[in-house]
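Observations on chain architecture
Single-letter residue listing:
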Amino acid sequence: MKRSIQKVAVLGSGVMGSRIACHFANIGCEVLLLDITPKEPNDAEKAKGLTIESKVVRNRIVNDALTFALKSNPSPIYKKEFASKITTGNFDDDMSKISKYDWTIEVVIENLDIKKKVYEQVEKFRKPGTLITSNTSGIPIHLLTEGRSEDFKDNFCGTHFFNPPRYLKLLEIIPTPHTKPEIVSFLMEFGEEFLGKTTVLAKDTPAFIANRVGVFGIMSLLHLVEKMELTVEEVDKLTGPVLGRPKSATFRTGDVVGLDTLVNVANGLKQGVPNDEANALFVLPEYLKKMVENKWLGDKTGQGFYKKIKGKDGKSEILVLDLKTLEYKPQQKVKFATLEMTKPIDNLKDRVKMLITGKDKAGEFYRATFAGLFQYVSNRIPEIADELYKIDDALKAGFGWDLGPFEYWDAIGVKESVALMETANMKPNEWVYDFLKSGNTSFYKIENGKRLYYDIATKAYKTIPGTENFISLDSLRPTKTVWKNSGVTVIDLGDGILNVEFHTKMNTIGGEVLAGINKAIDIAEKDYKGLVISNEGANFSAGANVAMIFMMAAEQDWDELNLAVKTFQNTTMRIRYSSIPVVVAPHNLTLGGGCEICLHSDKVVAHAETYIGLVEFGVGVIPGGGGTKEFAVRLSDALHEGDVELNAFREKFLTIGQAKVSTSAYEAFDLGILRKGVDKVVMSRARQLTEAKAECLRMADAGYTQPAHRKDIRVLGNEALGLVYVGANSMYSGNYMSEHDLKISEKLGYVIAGGDLSQPTLVTEQYLLDLEREAFLQLCTEKKTMERLHSIINGGKVLRN
């Protein structure tokens with residue numbers, strides 16, 4: 001049976017339910033969001049003469065929940081308009097509507113009796129054969145179907161989303177013994193391809209996979225803190241980005257999530273896994289018990305491990321909890337020799353290997369932490385998962401780790417880690433010793449361009465199911481590298497398509513990256529069909545190398561700076577006018593120069609979570625790599641389609657002038673950065689490169705024709721310039737912008753308008769590029785620009801809207 005999901009009903013509109021509804025709306029589904037009816041009207045409703053029979057009263061709970069979700073930051077929705085796909089209602093009046101829906105997801109309170117009552121209602125109206133799933137995180141899945149029909153049981157499964165559903169990529173799929181295998185397969189595939197999730201097949205064990213291991217790690221650490229007498233600041237420094245974990249690290253994450261949530265899961269595990277060798281670690285430390293008693297639960301109660309206060313000078317200050325005295329105090333700067341030693345090491349795997357060798361308290365902390373984690377995960381197979389990659393996938397997608405437990409183990413070295421574990425009296429499971437006796441050295445390996453994992457049951461390496469057709473640069477790089485320099489690697493993707501990836505810090509674009517792009521186009525034009533520009537970094541690109549620009553400007557080496565800007569322009573124009581198709585696949589931050597590369601491609605295949613924009617105005621300049629020129633080109637094309645000229649000009653001007661950055665790839669279409677009918681969005685990050693390659697191949701095989709240079713760009717000249725000067729001066733006079741911002745605005749308007757022209761005129765791209773470069777260089781001579789550049793370099797800030 002071919003199954004299509006067009007309509008989804010979400011039962012329960014709390015924090016998770018409302019946001020799950022939003023994410024299904026994100027992918028184009030029609031969503032019905034239901035919740036309970038209030039017992040009676042509130043005072044405001046009574047004052048309006050409303051009764052419990054009034055629809056606005058009966059839907060108050062669900063409507064308030066959805067409104068709150070849509071106002072939350074970060075937003076659960078890709079575009080405000082997508083929220084119109086969600087219809088609200090209540091269980092009493094609207095449950096019958098689920099008969100027309102393809103998938104019903106229950107997200108009500110974690111109470112078995114309440115869930116069973118909801119299922120009784122669902123059973124009355126649900127269309128046989130449609131999906132019915134639960135988002136429970138703490139109730140055994142098999143208990144939920146007791147007393148239900150065979151069809152209900154056949155089509156029922158656990159679908160555990162992580163909060164917030166849009167941003168955390170994990171979706172655990174937990175079948176019951178009754179769930180049809182085809183239902184499981186469908187959910188695994190649909191979740192990955194259409195919802196953009198890392199779908200992990202989990203067993204029906206307490207807390208499933210991610211929370212079982214993740215909460216063990218947190219509770220283990222909370223006890224270790226007492227033993228080693230570490231402070232909150234020290235632990236968050238040790239367990240954040242240096243370890244490939246989120247900036248919020250451990251204690252800050254606890255505050256954000258809510259300590260009551262952590263405590264509930266820990267208590268559930270204490271009772272639910274009595275035979276777990278680490279069961280004692282799920283007992284709450286005394287300081288955590290006191291915090292819960294005091295209702296110091298984190299952000300939701302105003303204080304947890306951290307507390308924000310107003311200082312004497314009126315400025316906000318964040319205090320930190322002393323775990324011994326339970327008093328709040330100013331934060332102390334954290335320094336460890338081990339961390340200083342690893343600062344120059346950018347590669348996480350290399351850094352981790354170094355961290356455990358530290359001779360100070362930090363090194364001791366890492367050795368103890370990893371020894372405990374490795375022992376624990378080795379003992380959880382086959383209890384919570386049969387394959388080790390599932391544990392890694394779950395922790396990376398659910399907790400934001402850059403490496404999973406077994407990947408950390410590989411990075412340190414399996415044999416070396418076992419020796420470390422034995423020293424700590426934390427031996428791994430026997431299967432690890434069998435693994436080493438067989439001559440194996442790592443849990444993962446790359447073979448023929450594919451990443452394989454060690455399968456414990458068969459004692460053989462296998463391809464991760466579902467990834468057979470995905471392209472991974474990490475897997476291809478060792479054997480398919482065609483050319484490389486310090487900033488890029490050019491890789492053969494097969495079928496005549498090359499890929500150029502950046503690997504500078506934050507994937508910033510300097511001379512080495514521009515040289516690499518040009519070299520890749522040279523190679524592709526000679527021997528290949530097309531080129532993709534993509535990478536597997538945390539961000540596609542944070543933009544041009546600001547430090548390089550600052551250095552040239554500071555030394556007043558204007559000829560060198562002019563050449564650098566011209567080289568950038570020539571490179572983006574090379575992307576536009578090469579004889580082979582060039583597809584760009586951005587993700588996450590795609591700012592400034594990274595955006596300009598996208599603007600000049602034949603096609604953009606963007607990941608849904610792409611935050612793209614031209615942010616140069618905030619640096620004190622205008623886009624100088626062809627971005628300003630390209631907005632003038634797109635304005636001209638829009639005018640040909642009948643847009644009101646000055647309104648269209650104003651829109652383009654403000655997109656750059658306000659340094660607008662899209663909050664999703666879909667929003668980038670509205671900003672005029674992505675092109676409707678040309679560029680596309682993919683939900684699955686894992687599929688993005690595969691799709692980009694396919695698009696490139698399609699264009700090549702369809703008979704790609706090298707574009708002709710544009711000479712027909714209509715610019716508005718003084719008519720548009722007048723609009724800019726009047727508007728900018730008005731803002732300056734009203735103290736809404738600085739004198740320097742006034743200068744940038746006038747330069748920006750000058751380029752987009754095509755300069756001082758008495759009437760609308762047709763110009764060439766090169767004419768606009770020359771105006772753009774001249775304006776960029778002039779702004780670099782400004783003292784305020786230099787101050788902004790210096791501030792960004794020293795502060796390490798990434799400019800975003």
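This text gives an overview of the structure that appears in the document.

Analysis parameters
In every chain, residue numbers begin from 1 and rise along the written sequence. Side-chain atom pairs in this predicted model are given and counted only at pLDDT of 80 or more, local residue features only at pLDDT of at least 70, and totals for whole chains, interfaces and linings cover all residues. Side-chain measures here rest on the full set of heavy atoms in the structure, leaving out hydrogens and waters. Secondary structure is summarised from DSSP: a helix means a run of H or I of at least four residues, a strand means a run of E of at least two, and numbering begins at the N terminus for each. Just to be clear, the radius of gyration here is over C-alpha atoms, and the globule rule we use is 2.2 Å times residues to the power 0.38. Residue exposure (1.4 Å probe, protein chains only): buried if accessible area is under 20% of the type maximum, exposed if over 50%, otherwise partly exposed. We call two residues in contact when some of their heavy atoms are within 4.5 Å. Values of accessible area rely on a 1.4 Å probe in the Shrake-Rupley scheme; residue burial ignores everything except the protein chains shown. Counting rule for charge: Lys and Arg are taken as positive, Asp and Glu as negative, and neither His nor the chain ends is counted. Note that the charge is assigned to NZ on lysines, CZ on arginines, CG on aspartates and CD on glutamates. Under the pairing criterion, centres of Phe, Tyr and Trp rings, with the six-membered ring standing for Trp, must be within 6.5 Å; the plane angle then separates stacked pairs below 30 degrees from edge-to-face pairs above 60, leaving the rest tilted. Here, a charge over a ring means that NZ of Lys or CZ of Arg falls within 6 Å of the ring centre while also lying within 35 degrees of the ring normal. We define the nonpolar core as a collection of buried residues of types Ala, Val, Leu, Ile, Met, Phe, Trp, Tyr and Cys that are connected through side-chain atoms lying within 4.5 Å of one another. Here the expected span of a helix is defined as 1.5 Å times the quantity of residues minus one. In protein, a polar contact means a hydrogen-donor-capable atom and an acceptor-capable atom, both N or O and within 3.5 Å, with residues adjacent in sequence counting only if both atoms are side-chain atoms; elsewhere, any N or O pair within 3.5 Å suffices. DSSP-based pairing: two strands are paired if at least 2 bridges between them are found. Simply put, an axis is a line fit to the C-alpha atoms, just over the touching stretch for a helix, and the angle between two N-to-C directions goes from 0 to 180 degrees. A clockwise path from the first strand over the helix to the second, with the strands pointing away from the viewer, defines a right-handed crossover.

**Side note on the overall build of the chain**
Of the regular secondary structure elements, the chain holds 33 helices and 25 strands. Whereas a compact globule of 801 residues would reach a radius of gyration of roughly 28 Å, the chain reaches 28 Å, a difference of no more than 12%. Each of the three principal axes of the chain carries a C-alpha extent, and together these read 80 × 70 × 65 Å. Expressed as a percentage of the 801 residues in the chain, the buried residues total 54%. Within the chain, residue pairs in contact and separated by at least 24 positions form 69% of the contacts whose partners lie at least 6 positions apart. About 34,700 Å² of surface is accessible on the chain, with carbon and sulfur atoms providing 51% of the total. One finds the centroid of the 101 positive side-chain charges in the chain at a distance of 2 Å from the centroid of its 104 negative side-chain charges.

**Here we look at the packing of aromatic side chains**
A full pass over the atoms with the stated rule returns 30 aromatic pairs. Ring geometry for Trp 409 versus Phe 443: centroids 5.1 Å apart, planes at 75°, classification edge-to-face. Of this pair, Trp 409 sits in helix H18 (residues 405-412) while Phe 443 is found in the loop between helix H20 (430-437) and strand E12 (444-447), placing the two residues 34 residues apart along the sequence. Joined through ring pairs, the aromatic side chains of Phe 370, Phe 374, Trp 401, Phe 406, Tyr 408, Trp 409, Trp 431, Phe 435, Phe 443, Tyr 454 and Tyr 461 make up one cluster. Lying across the ring of Phe 186, Arg 3 places its NZ or CZ 5.8 Å from the centre.

**Looking at the nonpolar core**
Formed by 115 residues in total, the largest nonpolar core has its most connected members in Phe 24, Trp 103, Phe 502, Leu 531, Ile 533 and Phe 649. If we ignore the near neighbours within four places in the chain, the residues touching Leu 531 are Leu 498, Asn 499, Val 500, Ala 520, Ile 521, Ile 580, Pro 581, Val 582, Val 583 and Cys 696. In terms of nonpolar packing, the next biggest core, distinct from the first, is built from 112 residues, Leu 11, Leu 170, Leu 452 and Ile 456 among them.

**Digging into helix H4 (residues 60-71)**
Look at H4: 16 Å from first C-alpha to last across 12 residues, which is about the 16 Å you get at 1.5 Å a residue. Buried residues of H4: Arg 60, Val 62, Ala 65, Leu 66 and Ala 69, and no others. Along its buried surface, H4 packs onto helix H1 (15-26), strand E2 (30-35), helix H2 (43-47), helix H3 (55-58) and strand E3 (86-90).

**Structural notes on the environment of Ser 72**
Following the sequence through the fold, Ser 72 ends up in the loop between H4 and E3. As a C-alpha pair, Ser 72 and Gly 657 span 585 residues in sequence and 26 Å in three-dimensional space. There is a polar contact of 3.5 Å between the side chain of Ser 72 and the side chain of Arg 19.

**A few points about the environment of Lys 349**
Within the secondary structure layout, Lys 349 lies in helix H15 (residues 348-355). Residues Lys 349 and Lys 747, 398 residues apart in the sequence, show an inter-C-alpha distance of 46 Å. Apart from residues no more than four positions distant in its own chain, Lys 349 is found in contact with Leu 403 and Ala 411.

**Looking at the pairing of strand E11 (residues 327-330)**
Sheet topology note: the strand E10 (residues 316-322)/E11 ladder contains 4 bridges and is antiparallel. Paired with Leu 321 across the strands is Tyr 328, a residue of E11. Once E10 ends, the chain turns through 4 residues before running back antiparallel as E11, passing Leu 326 with a positive phi of about 55°.

**Notes on the sheet that holds strand E9 (residues 306-310)**
The strands that make up a sheet pair up through hydrogen bonds in the backbone, lying either parallel or antiparallel. Strand order across the open sheet formed by 3 strands is E9-E10-E11, with antiparallel pairing between neighbours. If you trace the sheet from one side to the other, it starts and ends with E9 and E11, each paired once. Neighbour to neighbour, the strand axes of the sheet diverge by 45° on average, direction disregarded. Note that E9 and E10 share 5 bridges and pair antiparallel. In the strand pairing of E10, Tyr 306 is matched with Val 320.

**Considerations on the sheet that holds strand E18 (residues 530-533)**
The strand order E15-E16-E17-E18-E19-E21-E23 describes an open sheet built from 7 strands, whose pairing is mixed. Two strands in the sheet have a free side with no partner beyond their single neighbour: strand E15 (481-484) and strand E23 (680-682). On average, each strand axis in the sheet is inclined to that of its neighbour by 25°, with strand direction left out of account. The sheet contact formed by strand E19 (residues 582-584) and strand E21 (residues 603-607) spans 2 bridges and is parallel. Residue Val 583 lies in a different strand from E21, and its bridge partner there is Lys 603. The sheet strands contacting helix H21 (residues 473-480) are E15, strand E16 (488-494) and strand E17 (497-502), and the helix crosses E16 at an angle near 95°. Its contacts with the sheet place helix H22 (residues 511-527) against E15, E16, E17 and E18, and it is angled at close to 175° to E17.

**Topic: the pairing of strand E5 (residues 131-134)**
Side chains Leu 131 and Thr 133 project from E5 onto one buried face, and the interleaved Ile 132 and Ser 134 project onto a second face that is buried too. Pairing between strand E4 (residues 103-106) and E5: 4 bridges, direction parallel. Residue Thr 104 lies in a different strand from E5, and its bridge partner there is Ile 132. Chirality of the crossover, the property in question, places the unit of E4, helix H6 (residues 112-125) and E5 among those that are right-handed. Sheet topology note: the E5/strand E6 (residues 156-161) ladder contains 3 bridges and is parallel. Paired with Ser 134 across the two strands is Gly 158, which belongs to E6.

**Considerations on helix H9 (residues 210-228)**
Across its 19 residues, H9 extends 26 Å between first and last C-alpha, which sits within 8% of the 27 Å expected from 1.5 Å per residue. Just past H9, the residue Glu 229 takes up positive phi, approximately 55°.

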